[in-house]
Amino acid sequence: MGAININNVGKIYPNGTRALEDVNIEINDGEFVVLVGPSGCGKTTLLRMVAGLEDITEGEISIADKVVNEIAPKDRDIAMVFQNYALYPHMSVYDNMAFSLKLRKLPKDEIDQKVKDAAKTLEIDELLERKPKALSGGQRQRVAMGRAIVRNPQAFLMDEPLSNLDAKLRVQMRAELGQLHSQLETTTLYVTHDQVEAMTMGDRVAVIRKGVLQQIDTPREIYLYPKNIFVAGFIGSPAMNFVYADIKTSAKGTTLIFGNDKISAKDAPEALKEYEGKEIVLGIRPEAFEDSVYANKKEFTEEINIDVSLLEQLGSDTYIHFFKDIKPVQTEAIEEILADEGEDISVLGTQTKFIARINPNATIEEGQNINLAIDPTKLHYFDPETGMAIT
Amino acid sequence: MEISKFTNWFKEYGWRHLVGLMFVTFAIYPILFVLTNSFADFANLTNSKLIPNSLTLKHYKLLSGDPLVPYFQWLYNTYKVAFLAALFNVFLGTLAAFAFSRLQFRGRRAGLLTLVIVQMFPSFLAFVAIYLLFFQISDVAPFMGLGTHFGLILVYLGGSIGFNSWLIKGFMDTISPSLDEAAKVDGASEYQIFSKIIAPLSRPILVVIFVITFIGIYSDFILAAIFLKDKNLWTVAVGINTVFVDDFNADWGVIAASSVIAATPIAVLFIFFQKQITGGLTAGSVKG
């Protein structure tokens, strides 16, 4: 097993389009790193460059301390799992899994042993004689995994392997993949579009936007300390709320003013003082709100008054939607996140929309006017010009 | 009550049977006609009928016994030429199709376009040129010149590979390129991707192309007639036409008998590959 080093890697297609720019990622031996970002951000291109299916136009990629820029995919000792599984339809499950071993001219009994072991690990030993056509989606997914693990390669490269499964199965396979990884401890580079997958599976998550690496860190760090508006808005579901706020500093501390509401910032970064009298983008995660009746007053020290416009009761959580008469935050990053969801900037309308996650026991009705508590230590501050976090 | 029930049935289903029956009659009649006439003792076409008054095996005897009519030699020649030409056709067409479908090279588009444009000219236009070409080849390489089976096979190949490559390429384009990539990562070379993945998956279309080419060549008369001079090298179509047809007379009984003998293996071939042929014709329309 081996580490993967991606050094100053860039990709320019022959037609001049730039897909990646100066990407640096070091994946340690045995680590599970997830590349996440909106469609067309270059994450799959990067994975394919590691696999050797795309040329590396700039920089250097090495696998297990060996530079692979000029090495053919078959000699890189990696295994790849494709989005559509790419099982060979004319071969049985057994032959699908044995294919790479046969090409390497391994002795027959060794191949047999390896295939059967892998099949056992994945619980597909009953299916070895079947053709891919006769398998369900989840079984095909397992066979695709089997084809990868049978070779015991330096690294696994996975390109949205769960995206063709239905929601329930995806959750199950997500857990199984995680389990498999802790069992095999093979270095894994995993591409996904689904930020929940990224958060739950990765040892570290790399967020990519327009071919540029935005941030790479553990899921928790990324969630708690996003480096810019894009990462903050892309990671987390429901997404972080953004609102323009004015900064006022006094001897007592910093006050944030948005619309008719004023809250005092606690543990605000020093740099925030430089924005005195200026507008910043304030980010509030849904869980930084709480119904004031249920709020722990020690943490949720601030309050704002709102009119509930929509109530979503999920059982375990309740989400409330409300609007403030403030011009919505429209930055390029937010536009891009919306576009990825098939929306455009016009859905923002003329008011700023908020979503708050509150205690499911709260007895609130739509249209009601309530006080909503805020935990000011969980606020995020961004520069409206650069989109970078103010720290 | 009973009548309206029948009318309803007829409106719903019955008319389809009627139409089907018409087509079947239409298709079967000539076959039946040839079959019965091969046993009939008629002098010519004008006094022949579907069901003859008396039966005879004399036409078959003539074909199998007469030393002046090496019918089974012709039959063998026909099979040999058709089989080899169809086989090389499929083989070379598949290689060309793989290159056009999967590989990137300079002149790929131009090559594809040339194939189509050249195919648009009917091959009859080229007869004189082909004749002259092989006439000269005969001087240099007699084994593949005028009057040889090898030469004839080459002519057949030239006439159909282009079009067939297009058909096969179209089929290969529907095979997901991620299979190639999976094989590449698995360690396959370009040739192994072709031989172990793409070619086996193209089998339905390859079978169709083989059968269509085979039958096309099997029933060809003009090219073979121009090309082949030696009686022992003739194909069935050339032999029968030369020996049994003259300006004023044609021995229809012998022609019918020879048709029956020649057509039977083809019919068997069709029945054998029926599933693959229909499968190949519709394959690619729905991605599986």
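Residues numbered from 1 in each chain as written. Chains lettered and ligands numbered in written order. Predicted model: local features only at pLDDT ≥ 70, side-chain atom pairs only at ≥ 80, totals over all residues. Heavy atoms only, no water.

Take a negative patch on the surface next. Residue and element names in this part refer to chain A. Taken together, the side chains of Glu335, Glu341, Glu343 and Asp344 define an acidic patch exposed on the protein surface. Inspection of the secondary structure assignment puts glutamate 343 in the loop between α9 (332-340) and β18 (352-358). With a relative accessible area of 38%, glutamate 343 lands in the partly exposed category. (Patch = residues over 30% accessible without salt bridge, like charges linked within 9 Å, V, L, I, M, F, W, Y side chains within 5 Å. Areas by Shrake-Rupley, 256 points an atom, 1.4 Å probe, with all protein chains shown as cover. Salt bridge = Lys/Arg side-chain N within 4 Å of Asp/Glu carboxyl O. Lys, Arg positive; Asp, Glu negative; His and termini not counted. Charge placed at Lys NZ, Arg CZ, Asp CG, Glu CD. Helix = DSSP H or I, 4+ residues; strand = E, 2+ residues; numbered from the N terminus. Buried < 20%, exposed > 50% of the residue type's maximum accessible area, 1.4 Å probe, protein only.)

This part takes up unusual backbone geometry. For residues other than glycine, phi is negative in most cases, and the peptide bonds are mostly trans. Residues and elements named next belong to chain A. Omega for the peptide link from serine 237 to proline 238 comes to -5°, which places this bond in the cis form. Residue placement: proline 238 occurs in the loop between α8 (229-234) and β11 (241-250). Phi is positive for glutamate 185, close to 55°, though the residue is something other than glycine. Mapping glutamate 185 onto the fold places it in the loop between α5 (167-184) and β8 (187-192). On the basis of relative accessibility, which here comes to 51%, the residue glutamate 185 falls in the exposed class.

Now for the sheet that holds β8(A). Residue and element names in this part refer to chain A. Within the open sheet, the six strands sit side by side as β6-β7-β8-β3-β9-β10. Their pairing is mixed. The two strands at the open ends of the sheet, each matched to only one other strand, are β6 (78-81) and β10 (212-217). The average angle at which neighbouring strand axes cross in this sheet is 15°, direction not considered. Across the sheet, helix α4 (residues 137-149) lies against β6 and β7 (155-159), angled at about 175° from β6, the strand it touches most. (Pairing = 2+ DSSP bridges. Axes fitted to C-alpha atoms, helices over the stretch in contact; angles between N-to-C directions. Contact = heavy atoms within 4.5 Å.)

Our focus in this paragraph is the pattern of salt bridges. Residues and elements named next belong to chain A. Summed over all chains, the structure comprises 17 salt bridges over all chains. Its salt-bridge partner being glutamate 31, residue arginine 204 comes within 2.6 Å of it at the nearest N-O pair. Highlighted residues: arginine 204 in strand β9 (residues 204-209) and glutamate 31 in the loop between β2 (18-27) and β3 (32-36), separated in sequence by 173 residues. By relative accessible area, arginine 204 is classed as buried at 19%.

Okay, the interface of chain B and chain A next. Listed as interface residues are 16 residues of chain B and, on the opposing side, 21 residues of chain A. Counting the surface lost from both chain B and chain A, the interface buries some 1600 Å², and carbon and sulfur atoms represent 67% of this. When the buried surface of chain B facing chain A is broken down by residue, Glu181(B), Val185(B) and Asp186(B) rank first, second and third, together holding 40% of it. Along the contact surface separating chain B from chain A lie two salt bridges. Among the salt bridges present, the one from Glu181(B) reaches Arg48(A), with a minimum N-O distance of 2.7 Å. Elements with a contribution of two residues or more to the side of chain B that touches chain A: α7 (177-186) and α8 (190-201) of chain B. Counting residues per element, the side of chain B that touches chain A draws most heavily on α7(B), at eight residues. (Buried area = accessible area lost by both parts, 1.4 Å probe.)

This brings us to the side chain of Arg76(A). All names here are of chain A. Note that arginine 76 resides in the loop between β5 (66-67) and β6. Look at arginine 76: it is buried, it has no salt bridge, and the nearest opposite charge is aspartate 55 at 7.0 Å. Reaching out from arginine 76, the side chain makes a polar contact with the backbone oxygen of valine 68 at a distance of 2.8 Å. Of note is the side chain of arginine 76, whose polar atom sits 2.8 Å from the backbone oxygen of isoleucine 71. Once residues within four sequence positions are removed from consideration, arginine 76 is found in contact with Met49, Val50, Ala51, Gly52, Ile63, Val68, Asn69 and Ile71. (Polar contact = N/O pair within 3.5 Å; in protein donor to acceptor, adjacent residues only side chain to side chain.)

Turning to the confidence of the model for chain B, a few remarks are in order. Residues and elements named next belong to chain B. Per-residue confidence for chain B averages 85 on the pLDDT scale, and 93% of its residues sit at or above 70. When the criterion is pLDDT under 50, residues 284-288 qualifies, and its contacts beyond four places in sequence or with other chains add up to three contacts. Predicted complex, confidence summary: ipTM 0.83, pTM 0.81. (pLDDT = per-residue confidence, 0-100.)

This brings us to the packing of helix α3 (residues 71-102) of chain B against α8(B). All names here are of chain B. Put simply, α3 and α8 touch, their axes get as near as 12 Å, and they point 110° apart. When the axis of α3 is compared with that of α8, the two are roughly perpendicular. The two elements α3 and α8 meet at a crossing, and its hand is right-handed. Together, Thr94, Leu95, Phe98 and Arg102 of α3 and Glu190, Ile193, Phe194 and Ile198 of α8 make up the contact between the two elements. Within the contact of α3 with α8, the residues separate by chemical class into five nonpolar, one polar and two charged. (Parallel < 35°, antiparallel > 145°, perpendicular 65-115°, else oblique. Left-handed = near helix turned anticlockwise from the far one by under 90°. Nonpolar A, V, L, I, M, F, W, Y, C, P; charged D, E, K, R; others polar.)

Next up on the list: the nonpolar core. Of all hydrophobic cores here, the largest spans 101 residues; its most connected members are Ile6(A), Ile25(A), Leu46(A), Leu157(A), Leu63(B), Tyr71(B) and Ile197(B). Here Tyr71(B) is in contact with Leu63(B), Val236(B), Ile240(B), Ser258(B), Ile261(B) and Ala262(B), once residues within four sequence places are set aside. (Core = buried A, V, L, I, M, F, W, Y, C linked by side-chain atoms within 4.5 Å.)

Here we take up the domain arrangement of chain B. All names here are of chain B. In terms of domain boundaries, chain B breaks down into domain 1 (2-60) and domain 2 (69-279). Domain 1 puts seven residues into the contact, and the matching count from domain 2 is nine residues. Summing both partners gives a buried area of about 710 Å² for domain 1 against domain 2, and 80% of it is carried by carbon and sulfur. Counting residues per element, the ones that place at least two in the side of domain 1 that touches domain 2 are α1 (2-39) and α2 (58-65). By residue number, the principal contributor to the side of domain 1 that touches domain 2 is α1, which donates four residues. (Domains from an automatic or database assignment.)

What follows covers the packing of aromatic side chains. Centre distance and the angle of the planes are the two values used to describe a pair of aromatic rings. Enumeration according to the criterion identifies 25 aromatic pairs over all chains in this entry. Geometrically, the ring pair formed by Tyr131(B) and Phe135(B) is stacked, given 6.3 Å between the ring centres and 15° between the ring planes. Placement of both Tyr131(B) and Phe135(B) in helix α5 (residues 127-140) is noted, with a separation of four residues, approximately one turn of the helix. The class of Tyr131(B) is partly exposed, set by a relative accessible area of 29%. Residues Phe134(B) and Phe227(B) carry aromatic rings whose centres are separated by 5.0 Å and whose planes lie at 75° to one another, so their mutual orientation is edge-to-face. Of this pair, Phe134(B) sits in helix α5 while Phe227(B) sits in helix α10 (residues 222-227), and the two are 93 residues apart along the sequence. As far as the burial class goes, Phe134(B) and Phe227(B) line up, both buried. An aromatic cluster of three or more residues is present, and its members are Tyr79(B), Phe83(B), Phe210(B), Phe214(B) and Tyr218(B). Over the ring of Tyr275(A) we find Lys278(A), and its NZ or CZ is 5.4 Å from the ring centre. (Phe/Tyr/Trp six-rings, centres within 6.5 Å; stacked < 30°, edge-to-face > 60°. Lys NZ or Arg CZ within 6 Å of the ring centre and 35° of its normal.)

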